[in-house]
Amino acid sequence: MAIKEKPKKKIQVNIDRDIANQAEQVFNEIGLNQTSALTAFYKKVIAEGGMPFDLKMTDTQKATLSILNNTKDTPMHTFKDAKEVQKWLDNPDED
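Source: prediction; values computed, not measured.

Asker: Please clarify how the overall build of the chain should be interpreted in this entry.
Answerer: Per the secondary structure count, the chain includes four helices and zero strands. Going from N to C terminus, the chain has its helices and strands arranged as α-α-α-α. Taken against the 2.2 N^0.38 rule, which gives 12 Å for 95 residues, the C-alpha radius of gyration of the chain at 25 Å runs more than 25% over that of a compact globule. Among the 95 residues that make up the chain, the fraction classed as buried is 1%. In the form shown here, the chain has an accessible surface area of approximately 9,800 Å², with 54% of it arising from carbon and sulfur atoms. For the chain, the distance from the average site of its 14 positive side-chain charges to the average site of its 15 negative ones is 16 Å.

Asker: Whenever I open this one, the pattern of salt bridges confuses me. Can you help?
Answerer: It is possible for side chains of opposite charge to pair when their charged atoms get near one another. Summed over all chains, the structure comprises four salt bridges. In this structure, the salt-bridge partner of Lys80 is Glu84, at a minimum N-O distance of 3.5 Å. We classify Glu84 as partly exposed; its relative accessible area is 23%.

Asker: Before we go on, may I ask you to explain the environment of Asp16 in this structure?
Answerer: Here Asp16 is to be found in the segment before α1 (17–29). A polar atom in the side chain of Asp16 sits 2.9 Å from the backbone nitrogen of Asp18.

Asker: Any chance you could explain the layout of surface pockets here in plain terms?
Answerer: Rolled over the atoms, a probe with the dimensions of a water molecule shows which regions are left empty. Considering only enclosed or pocket space, the largest pocket measures out at about 960 Å³ in volume. Surrounding the largest pocket, 20 residues form its lining, Ile11, Gln34, Thr35, Leu38 and Thr39 being those nearest its centre. Looking at the lining of the largest pocket, the elements that each hand over two or more residues are α1 and α2 (34–48). Per-element tally for the lining of the largest pocket: the top contributor is α2, with seven residues. Its residues placed into classes, the lining of the largest pocket shows 11 nonpolar, four polar and five charged.

Asker: Please clarify how a nonpolar patch on the surface should be interpreted in this entry.
Answerer: On the surface, a cluster of nonpolar side chains totalling about 610 Å² of accessible area is made up of Ile11, Val13, Ile15, Ile19, Leu38 and Tyr42. Looking at the element boundaries, Leu38 is found in helix α2. When its relative accessible area of 48% is taken as the criterion, Leu38 is described as partly exposed.

Asker: Explain the packing of aromatic side chains here, please?
Answerer: Two measures describe an aromatic ring pair: the distance that separates the ring centres and the angle between the ring planes. For the coordinates displayed, the defined rule picks out three aromatic pairs. Ring geometry for Phe41 against Tyr42: centres 6.1 Å apart, planes inclined by 75 degrees, an arrangement best described as edge-to-face. When its relative accessible area of 28% is taken as the criterion, Phe41 is described as partly exposed. Measuring from ring centre to ring centre gives 6.3 Å for Phe41 and Phe53, while their planes differ by 25 degrees; the resulting arrangement is stacked. Here Phe41, found in helix α2, pairs with Phe53, found in the loop between α2 and α3 (59–70); they are 12 residues apart in sequence, far enough to count as distant. Cluster of aromatic residues (ring-pair linked, three or more members): Phe41, Tyr42 and Phe53.

The rules behind the values
Counting restarts for each chain: residues are numbered from 1 in the order of the written sequence. Reporting in this predicted model follows two pLDDT cut-offs: at least 70 for local features of residues, and 80 or more for side-chain atom pairs to be given and counted; totals over whole chains, interfaces and linings ignore these cut-offs and use all residues. In computing side-chain values, all of the structure's heavy atoms are included and hydrogens and water are not. Helix and strand definitions follow DSSP, with helices as H or I runs of at least four residues and strands as E runs of at least two, each counted in order from the N terminus. A radius of gyration in this sense is built from C-alpha atoms; the matching globule rule multiplies 2.2 Å by the number of residues raised to 0.38. For the exposure calls, accessible area comes from a 1.4 Å probe over protein chains only, and a residue counts as buried if that area is under 20% of its type's maximum, exposed if over 50%, partly exposed in between. Note that accessible areas follow from Shrake-Rupley with a 1.4 Å probe, and for residues the cover is restricted to the protein chains shown. Charged residues are defined narrowly, with Lys and Arg counted positive, Asp and Glu counted negative, and His plus the chain ends left uncounted. By convention, the point assigned to a charge is CZ for Arg, NZ for Lys, CD for Glu and CG for Asp. The term salt bridge refers to a side-chain nitrogen of Lys or Arg lying within 4 Å of a carboxyl oxygen of Asp or Glu. N or O atoms within 3.5 Å of each other form a polar contact, as long as, within protein, one can give a hydrogen and the other can take it, and as long as residues adjacent in sequence are counted only when both atoms are side-chain atoms. With a 1 Å grid laid over protein atoms only, a set of points is called a cavity when a 1.4 Å probe fits there but cannot get out and a pocket when it is open yet has protein on both sides within 12 Å along at least five of seven lines; lining residues have an atom within 4 Å of a point. Grid points are joined across faces, edges and corners, and a volume is the space filled by probe spheres set on the points. The residue classification treats Ala, Val, Leu, Ile, Met, Phe, Trp, Tyr, Cys and Pro as nonpolar and Asp, Glu, Lys and Arg as charged. All others, Gly included, are polar. A patch is a set of surface residues, each over 30% in relative accessible area and not in a salt bridge, joined within 9 Å for like charges and within 5 Å for the nonpolar side chains Val, Leu, Ile, Met, Phe, Trp and Tyr. Each Phe, Tyr or Trp ring (for Trp, its six-membered ring) is paired with any other whose centre lies within 6.5 Å, and the angle between the two planes then decides the class: stacked below 30 degrees, edge-to-face above 60, tilted in between.

Interpretation note: all reported values are geometric properties and have no functional meaning in isolation.
Structure below.
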């Protein structure tokens, strides 16, 4: 009795080339190809009933976002050279 192969579904995604290449290196090191890795990921999603990892910002990302939000209305000054930067560092209250 022959086992009938399940029909396949082709999935195409666009992903940053560097990310894809780095992931592929990891897959190769652990003996997987991209298809096997994505199949394993999909199976884990099914087993977990959702993403198999937390999707949240790191502490560094949260701190960076907080700084950006708290400084968004801060006036910016463009320095022409290192001498201007040093002058500003030495006398931050002067314009």
